[in-house]
Structure formats: structure tokens, C-alpha cells
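# Residue-level structure breakdown
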Amino acid sequence: MFAMFVCLIGLRESSAQQLHGFVTGGIHSDGQKRYEQHYPGVGGGVLFAMMKSRFELGGQGDFVLSGGYASGRGGPVGQLNFIRNRALRPFAIAGVARGENSGPMFGAGVELWSRGRVRVSAHDYLAAATLHQASVQFGISWR
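For every chain, the first residue of the written sequence is number 1, and numbering continues from 1 onward in sequence order. It should be noted that, the model being predicted, local features are given only for residues of pLDDT at least 70 and side-chain atom pairs only at 80 or more, the latter also being counted only at that level, while totals for whole chains, interfaces and linings use all residues. Side-chain calculation: all heavy atoms of the structure are included, whereas hydrogens and water are not.

Ring pairs shown here join Phe, Tyr and Trp side chains whose ring centres sit within 6.5 Å, with only the six-membered ring taken for Trp; geometry is labelled stacked below 30 degrees between planes, edge-to-face above 60, and tilted in between. Summed over all chains, the structure comprises 0 aromatic pairs. Its end group placed over the ring of Tyr125, Arg73 keeps NZ or CZ at 3.7 Å from the ring centre. Only when the NZ atom of a Lys or the CZ atom of an Arg is both within 6 Å of the ring centre and within 35 degrees of the ring normal do we say a charge sits over the ring. One cation-aromatic arrangement involves Arg119 over Phe22; the distance from NZ or CZ to the ring centre is 3.9 Å.

Okay, structure coming up:
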């Protein structure tokens, strides 16, 4: 009975996880120093807020075009928001991509929410120990 009383005292109102989505367009490099080519692409993702929106977990994917060739990659990501302010939100993002040139991904960016919902980010996909595939993306974000 005492244990039940202690559990009931500790109950607090919990907030629902907030959904955060984004769609981006950008430029992706192939990472080959020998060729150093850049390709247009589109991407997007969905994140679920945790820890009062300080940390978000979800997934992200990219679809890259090169002439008549198309490739894609995607996987789970985590995003750390440095400031929880809605007007300006700098973040760090990391994950693991599967698909074309699979590997870990690290990046950073900022969301601007004052006049519209703009998302700008830069990512580095590590396809091999020395193969870096830089990606710069611009898009919209919503909650």
C-alpha cells in the first residue's frame, strides 16, 4: 500500500511527443576526390521530440539524381537542439544511412521560424574511412 502511495505522489502530467517534419532540396557530392561531382537531390524526414524538444529521434532520407541515374539513402537519425526557442533553433544531427554509399552521417544546421519555417543544414556522409560525401540542404519544416 505504501509503494502504491509513493507511485501516485510521483505522477505528473506528461506531454505528448511532438511530431516534427521537414522536406529539403539540395546539392550532394559523390565524395570521390578524383571526380568531385555534385548532384541535385530532394530529401525529407520525420522526428519525434523528447526531453522537452531538446532531443529528437526519427528518420531521414535523400533521393539523388544524376542524368538518367537515381539513387537514394536513408535511415535513423537523432537531432540535438541547442536552443529550444522556436524563432531560431540551431541543431546537430547524426545517424546511419543505408542505400547508396551507406555509412554514418554527421551534420549541423539551423531552423528559422520567425517568417515561415526554413531549414538549412549541412551533412557529411562517411561512406568509407576517407570517403566524405558532403550535402547542403535547404527546405521547409513544420510541427
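There's more to say after this.
Where helices and strands are cited, they refer to DSSP runs of H or I of at least four residues and of E of at least two residues respectively, numbered from the N terminus. With respect to the helices, strands and loops of the structure, Glu56 is situated in strand 3 (residues 55–66). Within 3.5 Å is the distance limit for a polar contact, defined as a pair of N or O atoms, with the added protein rule that one can donate a hydrogen and the other accept it, and that residues adjacent in sequence qualify only through two side-chain atoms. At 3.0 Å, the side chain of Glu56 and the side chain of Asn81 are in polar contact.

Along the chain, the position of Gly78 falls in strand 4 (residues 69–81). Each C-alpha atom of the pair Gly78 and Phe106 lies 9.9 Å from the other, and the pair is 28 residues apart in sequence. The contact rule is simple, with two residues in contact once any of their heavy atoms fall within 4.5 Å. If near-sequence neighbours (up to four positions away) are discounted, Gly78 is found in contact with Phe55, Glu56, Leu57, Ala92, Ile93 and Ala94.

A word on unusual backbone geometry. Phi at Lys52 is positive, roughly 55 degrees, even though this residue is not glycine. Categorising residues by exposure relies on relative accessible area from a 1.4 Å probe, with only protein chains included: less than 20% of the type maximum marks a residue as buried, more than 50% marks it as exposed, and the intermediate range marks it as partly exposed. On the basis of relative accessibility, which here comes to 71%, the residue Lys52 falls in the exposed class. The phi dihedral of Ser53 falls on the positive side, at around 65 degrees, and the residue is not glycine.

Let's shift gears to the sheet that holds strand 5 (residues 88–99). If you walk around this closed barrel you meet the 8 strands as 1-2-3-4-5-6-7-8, and the pairing is antiparallel. With strand direction ignored, the average angle separating the axes of adjacent strands in the sheet is 25 degrees. Bridge count for strand 6 (residues 103–112) against strand 7 (residues 118–126) is 8 bridges, and the pairing is antiparallel. The residue of strand 7 that forms the bridge with Met105 is Tyr125. Between any two strands, at least two bridges found by DSSP are needed for them to pair. Note on geometry: axes are lines fitted to C-alpha atoms, helical ones only across the stretch in contact, with angles between N-to-C directions running from 0 to 180 degrees.

It is worth spelling out the pairing of strand 3 at this point. Strand direction decides the pairing type here: strand 2 (residues 38–50) and strand 3, joined by 10 bridges, are antiparallel. In the strand pairing of strand 3, Met50 is matched with Phe55. Between the end of strand 2 and the start of strand 3, which pair antiparallel, lie 4 residues, with Met51 showing a positive phi angle near 50 degrees. Bridge count between strand 3 and strand 4: 12 bridges; the pairing is antiparallel. Bridging from a neighbouring strand, Asp62 pairs with Arg73 of strand 4.

Moving on, we come to the environment of Leu88. Structurally, Leu88 can be placed in strand 5. Leu88 sits in the partly exposed class, given a relative accessible area of 40%. Sequence-distant contacts of Leu88, that is, excluding residues within four places in its chain, are made with Ile83, Val110, Glu111 and Leu112.

Moving on: the pairing of strand 1 (residues 19–29). Put simply, side chains in a regular strand alternate between the two faces of the sheet. Bridging between strand 1 and strand 2 involves 11 bridges; their strand directions are antiparallel. Looking at the pairing, Phe22 lines up with Gly45 of strand 2. Bridge count for strand 1 against strand 8 (residues 132–142) is 8 bridges, and the pairing is antiparallel. Note on strand 8: the bridge partner recorded for Gly25 is Phe138.

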